[in-house]
Amino acid sequence: MTTTDAKQLIAGAITTQDSSEWVDLGCGAGTFAYALADLLAVESKIHAVDKLQQYLNSRKAGVTLEFIKADFEKQEMHFKNIAGVIMANSLHYVEDQLDVILRIKPWLKADGKIILIEYDTVDSNAWVPYPITYERATEMFESAGFTSVTKIGEMNSRLRQETIFCCMAML
């Protein structure tokens, strides 16, 4: 996926022009962190987290990107008053997905959100060991106490037969 594709997929979730602080869990090479940076206000900050060392630009479009080498599934992280968390194709590597969502929730501001991008499939494989459909994501976020879950985009995967969905869960 290109940064342009990623930006189009998540654009509907970014509604503020105020600078804000975000976390990208499972950032990989930074495709969604860079897309998010293009959509956020200048002077915003993105904490890009991955368990493998990544070499991201420290600034993009006036937004600061800070890389943190950590395994978000196994390591405690202590963010506070975060506007949002983005998880692009990272939650499907986690067996206890609800536990991760419950650990993220206290990081968020009162009007915080989680943007989730995943393959809409029930079929597991080596690249998607714990698949999560949009319906399952909705049930999980609602059971974690999020007040609304909205699908904001979808596209066909270039590598797989499934559709990729993007949803936003709001507190």
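Residues numbered from 1 in each chain as written. Predicted model: local features only at pLDDT ≥ 70, side-chain atom pairs only at ≥ 80, totals over all residues. Heavy atoms only, no water.

Q: Which residues make up the overall build of the chain, and what are the values?
A: Scanning the chain from terminus to terminus reveals four helices and eight strands. Listing the helices and strands of the chain from first to last along the sequence gives α-β-α-β-β-β-β-α-β-α-β-β. The C-alpha radius of gyration computed for the chain amounts to 15 Å, which stays within 12% of the reference 16 Å derived for 171 residues, consistent with globular compactness. Dimensions of the chain along its principal axes, counting C-alpha atoms only, are 40 × 35 × 30 Å. Within the chain, the proportion of its 171 residues that are buried is 50%. Of the contacts formed within the chain by residues at least 6 apart in sequence, a portion of 62% connects residues at least 24 apart. Counting every atom, the chain has about 8,300 Å² of accessible surface; 47% of that belongs to carbon and sulfur. For the chain, the distance from the average position of its 16 positive side-chain charges to the average position of its 23 negative side-chain charges is 5 Å. (Helix = DSSP H or I, 4+ residues; strand = E, 2+ residues; numbered from the N terminus. Rg over C-alpha atoms; globule rule 2.2 N^0.38 Å. Buried < 20%, exposed > 50% of the residue type's maximum accessible area, 1.4 Å probe, protein only. Contact = heavy atoms within 4.5 Å. Areas by Shrake-Rupley, 256 points an atom, 1.4 Å probe, with all protein chains shown as cover. Lys, Arg positive; Asp, Glu negative; His and termini not counted. Charge placed at Lys NZ, Arg CZ, Asp CG, Glu CD.)

Q: Lay out the environment of D71 in plain terms, naming residues and giving numbers.
A: Tracing the backbone shows D71 in the loop between β4 (63-69) and β5 (82-88). The sequence separation of D71 and V49 amounts to 22 residues, and the corresponding C-alpha distance is 7.7 Å.

Q: Lay out the pairing of strand β1 (residues 21-25) in plain terms, naming residues and giving numbers.
A: Counting buried positions along β1 yields four of five residues, so the element is predominantly enclosed. With five bridges connecting them, β1 and strand β2 (residues 45-50) associate as parallel partners. Looking at β2, one finds that W22 is bridged to I46. Remark: the β1/helix α2 (residues 31-39)/β2 crossover connection has right-handed handedness. (Pairing = 2+ DSSP bridges. Right-handed = clockwise from strand over helix to strand, strands pointing away.)

Q: Residue-level account of the pattern of salt bridges, with values.
A: Counting across every chain of the model gives seven salt bridges. As a salt-bridge pair, E43 and R59 come within 3.9 Å of each other at their nearest N and O atoms. Of this pair, E43 sits in the loop between α2 and β2 while R59 sits in strand β3 (residues 59-60), and the two are 16 residues apart along the sequence. The shortest N-O distance in the salt bridge between E154 and K151 comes to 3.2 Å. Residues participating in the shared-partner salt-bridge network are E76, D99 and R103. (Salt bridge = Lys/Arg side-chain N within 4 Å of Asp/Glu carboxyl O.)

Q: Describe the packing of aromatic side chains, and please don't skip the residues or the numbers.
A: What the rule picks out here adds up to three aromatic pairs. Ring geometry for Y134 versus F165: centroids 5.7 Å apart, planes at 70°, classification edge-to-face. Remark: F165 occurs in strand β8 (residues 163-170) and Y134 occurs in helix α4 (residues 134-143); sequence separation between them is 31 residues. Per residue, the accessibility class of Y134 equals that of F165, and both read buried. The interplanar angle of 75° and the centroid separation of 5.4 Å between the aromatic rings of F141 and F146 together place this pair among those described as edge-to-face. Directly above the ring of Y134 sits K151, whose terminal nitrogen or CZ lies 4.8 Å from the centroid. (Phe/Tyr/Trp six-rings, centres within 6.5 Å; stacked < 30°, edge-to-face > 60°. Lys NZ or Arg CZ within 6 Å of the ring centre and 35° of its normal.)

Fair warning: the whole summary comes from geometry, so function is off the table for now.
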